[in-house]
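Working through the structure, step by step
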Amino acid sequence: MPLLRQMPNHLDWTMPFPLPAIQHRIRLAGLDGWLLADFRGTNPVALHLCGLQSSGTRRWFLYIPATGSPRLLVHAIERGTFAGLATSLDIPLDTYVGWQELHTRVGELLAEAKVVAMEFSAGNDVPTLDLVGAGTIELVREVGQVRVEGSQDLVQTFQAVLTPDQIATHRAAAAIVLETKDAAFEEVARAIEDGRPLTEYELQQFIVQRLAGKGLDPDHAPIVAVNAHAADPHFEPAEQASSPIRRGDILLIDLWGKQADRPDSCFADVTWTAWCGTQVPLQVAAIFETVGNARDAALEFMDRELSNARPVQGAQVDDACRQVIADAGYGDAFIHRTGHSLGTQVHFTGVNIDNLETRDRRTLVPGVMFTIEPGIYLPDLPFGEDGRVGVGIRSEVNCLARERGVEVTTLPLQTCMTALLA
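What comes next is a walk through the structure. Owing to the predicted nature of the structure, the values given are computational and were not obtained by experimental measurement.

Digging into the pairing of strand 9 (residues 250–259)
With 10 of its 10 residues buried, strand 9 lies for the most part within the structure. Of the pairings in the sheet, the one linking strand 7 (residues 216–217) to strand 9 comprises two bridges and is antiparallel in character. Note on strand 9: the bridge partner recorded for Leu-216 is Gln-259. Bridge count for strand 9 against strand 10 (residues 268–275) is eight bridges, and the pairing is antiparallel. Bridged to Trp-256 within strand 10 is Asp-269.

Take a look at the structure:
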């Protein structure tokens, strides 16, 4: 969901507020409450939790205590705007006018609290959930006399844990994404065998059109990259700056999509790497084997620990994956996190598999989905018989955490570098 939204003159609430479950989790976390704060949609977590499609134009707060009734504080001119939300929660609606009164009212909200959660990340460890401004945190600490802790675990439980229906939408999208990947590889093989020119951009558009024809929304265009471009993890081919796809190239395709007619549907996101020829060079095959071993080490680590009811942090999974690549001598060539949260957004609000870019110490809880996608990127490495330069190899799968173990939802696994020509 976008951080900034257009502001209509009313709010729409679309989902029941799971108050008993939220308060139970607040108590389990040893917190006195959860303070949701928003200004013009800058905190989409607050909107989602309240079932709101948009925000008002003034600062508002919803305090959810560990026990007792929540309290909603809004500006006086937006009483009518938030009246429906207050009614749906069956709580009084408090108002303020000036900033001095706002400070007083926030202090009153927190009068019985000592420790509260907000969308704040200490040290910016989880930047996707560092949504409340430092000034607001200062205000809350000063007028409420409370300690503020991050709400990351609460957010994961009440936003990133997927429903069975959402998981079903992911499976449907995954089948189409994998079929589209196969069709793209077949298109490359036909073009090479027919002597027909085909560029990265043209293949990208082939994928976009095929996904759309199957009812998927990719949100933005997929990655199609050869050789040195494949060694750029976020390469985006442009119509006027796109390489031809030729016999003897390394080809990386990273594609994703969700059901276009279901806003609450979930993405599938996979990456496969192929050899545009018949016999994969030994050097290239060995690099792919390292990537595949790293991916599998992450999967095995998660499945073993979760099957034994041991908590698993996203950072720990990243370490397990990254160690395999480091041991093979390519540690400096794996320059991104192992995986990201997956849900109604392709990069969602659950745990990331990351101890490189950030320190994600959230645990994998049942119902969260994420990617595992190690890669090795060597933009200056020559390969093949004609001295082409640039090797980029990534293998990406999607995973669903279960009560016991982890499920890979985008099978089959790519077990070796795919040779596209017979």
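More follows now that the structure is in view.
Here's the deal with the layout of surface pockets
The calculated volume of the second largest pocket comes to roughly 540 Å³. Taken together, 25 residues form the lining of the second largest pocket, with Gly-150, Gln-152, Asp-153, Leu-154 and Arg-362 sitting closest to its centre. Where the lining of the second largest pocket is concerned, the elements lending two or more residues are helix 1 (19–28), strand 6 (147–150) and helix 6 (152–160). For the lining of the second largest pocket, the class distribution of residues is 10 nonpolar, seven polar and eight charged.

Comments concerning the nonpolar core
The biggest cluster of nonpolar side chains holds 52 residues, and the ones touching the most others in it are Met-302, Val-317, Leu-364, Phe-370, Ile-372 and Cys-399. Considering every element that reaches this core, the biggest residue donor is helix 9 (residues 282–307), with 10 residues. Excluding residues that lie within four positions of it along the chain, Val-317 makes contacts with Ala-298, Phe-301, Met-302, Val-312, Ile-353, Leu-364 and Ile-372. Formed by 32 residues, the second largest nonpolar core is a distinct cluster that contains Trp-34, Ala-66, Val-115 and Leu-131.

So, how was this worked out
- Residues numbered from 1 in each chain as written.
- Predicted model: local features only at pLDDT ≥ 70, side-chain atom pairs only at ≥ 80, totals over all residues.
- Heavy atoms only, no water.
- Buried < 20%, exposed > 50% of the residue type's maximum accessible area, 1.4 Å probe, protein only.
- Helix = DSSP H or I, 4+ residues; strand = E, 2+ residues; numbered from the N terminus.
- Pairing = 2+ DSSP bridges.
- 1 Å grid on protein atoms, 1.4 Å probe; cavity = no way out; pocket = protein on both sides within 12 Å on 5 of 7 lines; lining within 4 Å.
- Points joined across faces, edges and corners; volume = space filled by probe spheres on them.
- Nonpolar A, V, L, I, M, F, W, Y, C, P; charged D, E, K, R; others polar.
- Core = buried A, V, L, I, M, F, W, Y, C linked by side-chain atoms within 4.5 Å.
- Contact = heavy atoms within 4.5 Å.

In short, the description is geometric, and any link to function would need to be established separately.
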